[in-house]
Amino acid sequence: ADIAYLRSVLPSTTEDAFFDYLCTVDASEVTVTSVPEGSIVFSRVPLLQVKGPLLVVQLLETTLLCLVSYASLVATNAARFRLLAGPEMKLMELGLRRAQGPDGGLSASKYSYIGGFDYTSNVLAGKLYGIPVRGTVAHSFIMSFRSLEEVQPRVLSPLAGGEPVDLPSLAESWLQRDFQGLLDTYCVMRSGLPNFCAVALALHQLGYRAIGVRLDSGDLIQQSKETRRVLRACGAHFQVPWFGSIPIAVSNDISEQNLEDFIREGSEIDMVGVGTNLVTCPLQPSLGCVYKLVEVNGSPCLKFTEEEEKMTIPGIKAIYRLYDAAGHPFMDLMALENEPSPSVGQELVVHVLGRRGEATKVRPSAVEPLHRMYLRDGQVCEELPSLQEVRSHAQASLNLLSCVHRQLHNPQPYPVAVTEKLHLLLAELQQASQ
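So, how was this worked out
Residues numbered from 1 in each chain as written. Predicted model: local features only at pLDDT ≥ 70, side-chain atom pairs only at ≥ 80, totals over all residues. Heavy atoms only, no water. Helix = DSSP H or I, 4+ residues; strand = E, 2+ residues; numbered from the N terminus. Rg over C-alpha atoms; globule rule 2.2 N^0.38 Å. Buried < 20%, exposed > 50% of the residue type's maximum accessible area, 1.4 Å probe, protein only. Areas by Shrake-Rupley, 256 points an atom, 1.4 Å probe, with all protein chains shown as cover. Domains from an automatic or database assignment. Buried area = accessible area lost by both parts, 1.4 Å probe. Salt bridge = Lys/Arg side-chain N within 4 Å of Asp/Glu carboxyl O. Pairing = 2+ DSSP bridges. Phe/Tyr/Trp six-rings, centres within 6.5 Å; stacked < 30°, edge-to-face > 60°. UniProt positions renumbered as here; feature names shortened; annotations may be inferred. Core = buried A, V, L, I, M, F, W, Y, C linked by side-chain atoms within 4.5 Å. Contact = heavy atoms within 4.5 Å.

K.L.:
How should the overall build of the protein be read in this particular structure?
P.N.:
Within the protein, the secondary structure is distributed over 15 helices and 19 strands. The C-alpha radius of gyration computed for the protein amounts to 28 Å, which surpasses the reference 22 Å derived for 434 residues by more than 25%, pointing to a less compact arrangement than a globule. Buried residues in the protein amount to 43% of all 434 residues. Surface summary for the protein: the accessible area is close to 23900 Å², and the carbon and sulfur share equals 54%.

Pasting the structure below:
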């Protein structure tokens, strides 16, 4: 059926031999090396390298770019939020309603989890990928109840056992004791917070523990502080020690700037839900991944352009990450595949991309080959990691970065370099192209 469709859209002069070839194409000669999933990769460093018959690897171009680009973009965006939030604050992905369709929504849930988010509201992503699920309470659900008489069932048995109790009536009795869920469907301080406290205390009386509140509009910082003050006062007054530490979650188009404000102004927020600004990546709507030919029939080739950052690095390459004495990566190094691997303590002569001038000498305290062989002759040759393992690898990689490279404002550019031999090849091909 696929071949028949291609015949219908390609020119009638297309040779039958082309369609016959497509019927026999397989990946038995394709080899793929790649950085492990969850690795940090910098500009100009190949994410993966594909070897095989030219037509076959050309057929893979669009598929690979589609799989890699959005995934890397969302994981990177999520990692930025995680770096801002720090290790303690919980992050929820709430972006399904604003995602690029259902497939984009699933991808966003999966790769934001890799980037450091703790939970997703996407139940299907929870089922398919094992991501911890945390739901939200809809305003429409709260508004659908006009009175307590509509609440059914009304009774709840105490956790320790015993006769069922009318929970709405019990909550109402707590409201009458003069003290100050989703709190802001109507008004946080006048109705949301008092009602939550009443229900939470009624649940406590029956042996249960409320899991938290969510703020979704207004001045979230000030509201979090006032909510925490009331929860602490309520817990002290009624001698419920855990009440003052009930988690406070916030949402409402949270951006990186909002998150910075929360931290700088000392909010009482424990959990942040991010939707639109996570899955649509407004700071950079797309990631410029490219797929370029670097060698054909044993001959290195070069895409030559006046824009240096768009110029490809020729030849089949080996990629190394160099570490300093403190254990931080300080440079990624590209070498030709047939060059010997750099050694620990060895002085290396390198040329940093984007820096015109003399070569630089470096001496790494540790050397890590970045690429692994995942597909050899069409067969998967290394066990693929679980999603949790990928997430752990991503967070460990982020933590290894020096703060000067990890900071989100005015970071120090991370250097990517080539060996002397690769530099000479690049210069030779540039000269031949002029």
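K.L.:
I'm lost on the domain arrangement of the protein in this one. Help?
P.N.:
Where the parts come together, the accessible area they lose is often given as the size of the interface. Each domain of the protein was delimited in the assignment, giving domain 1 (27–65 + 287–432) and domain 2 (74–142 + 168–280). Between the C-alpha centres of domain 1 and domain 2 there is a distance of 40 Å. Summing the contributions of domain 1 and of domain 2, the shared interface buries around 1100 Å²; its carbon and sulfur component is 64%. Considering only the side of domain 1, the residues that lose the most area to domain 2 are Leu387, Arg391 and Leu408, jointly responsible for 57% of the buried surface there. Put simply, domain 1 and domain 2 have 1 salt bridge between them.

K.L.:
Teacher, can you tell me more about the sheet that holds strand β2 (residues 48–51) here?
P.N.:
As a general point, the strands of a sheet are linked pairwise by backbone hydrogen bonds and lie either parallel or antiparallel. Pairing is antiparallel across the open sheet formed by 4 strands, whose spatial order is β2-β1-β17-β18. Unpaired on one side and paired on the other, β2 and β18 (379–380) mark the two borders of the sheet.

K.L.:
Before we go on, may I ask you to explain the packing of aromatic side chains in this structure?
P.N.:
Here the distance between the centres and the angle between the planes together describe a pair of aromatic rings. Applying the stated rule across the entire model yields 6 aromatic pairs. Measuring from ring centre to ring centre gives 5.6 Å for Phe18 and Phe19, while their planes differ by 65°; the resulting arrangement is edge-to-face. With relative accessibility at 31%, the residue Phe18 sits in the partly exposed group. Classification of Phe19 as buried rests on a relative accessible area of 3%.

K.L.:
Looking at this structure, how should I read the UniProt feature "domain: Nicotinate phosphoribosyltransferase N-terminal" (unreviewed entry) in the protein?
P.N.:
The positions UniProt marks with the feature "domain: Nicotinate phosphoribosyltransferase N-terminal" (unreviewed entry) are residues 2–69. As annotated, residues 2–69 comprises 47% helix and 12% strand, and the C-alpha atoms at either end are separated by 26 Å.

K.L.:
How do you make sense of the sheet that holds strand β7 (residues 213–215) when you look at a structure like this?
P.N.:
As summarised here, the arrangement of the 5 strands in space is β4-β3-β9-β8-β7, forming an open sheet in which the pairing is parallel. At either end of the open sheet lies a strand with only one pairing partner, and these are β4 (119–120) and β7. Both strand β3 (residues 90–93) and strand β9 (residues 271–274) contribute to a ladder of 4 bridges, which runs parallel. Across the sheet, Lys90 pairs through a bridge with Met271, a residue of β9.

K.L.:
What am I meant to see in the nonpolar core here?
P.N.:
The nonpolar side chains of a soluble globular protein tend to be buried with one another. Phe196, Cys197, Leu231, Phe243, Leu259, Phe262 and Val272 are the most contacted members of the largest nonpolar core, which totals 47 residues. Counting residues per element, this core draws most heavily on helix α9 (residues 188–205), at 9 residues. Apart from the residues lying within four places of it in its own chain, the contact partners of Phe262 are Leu220, Ile221, Val250, Ile254, Ser267, Ile269 and Val272. Ranked by size, the runner-up nonpolar core spans 21 residues in total, among them Ile40, Val45, Val416 and Leu429.

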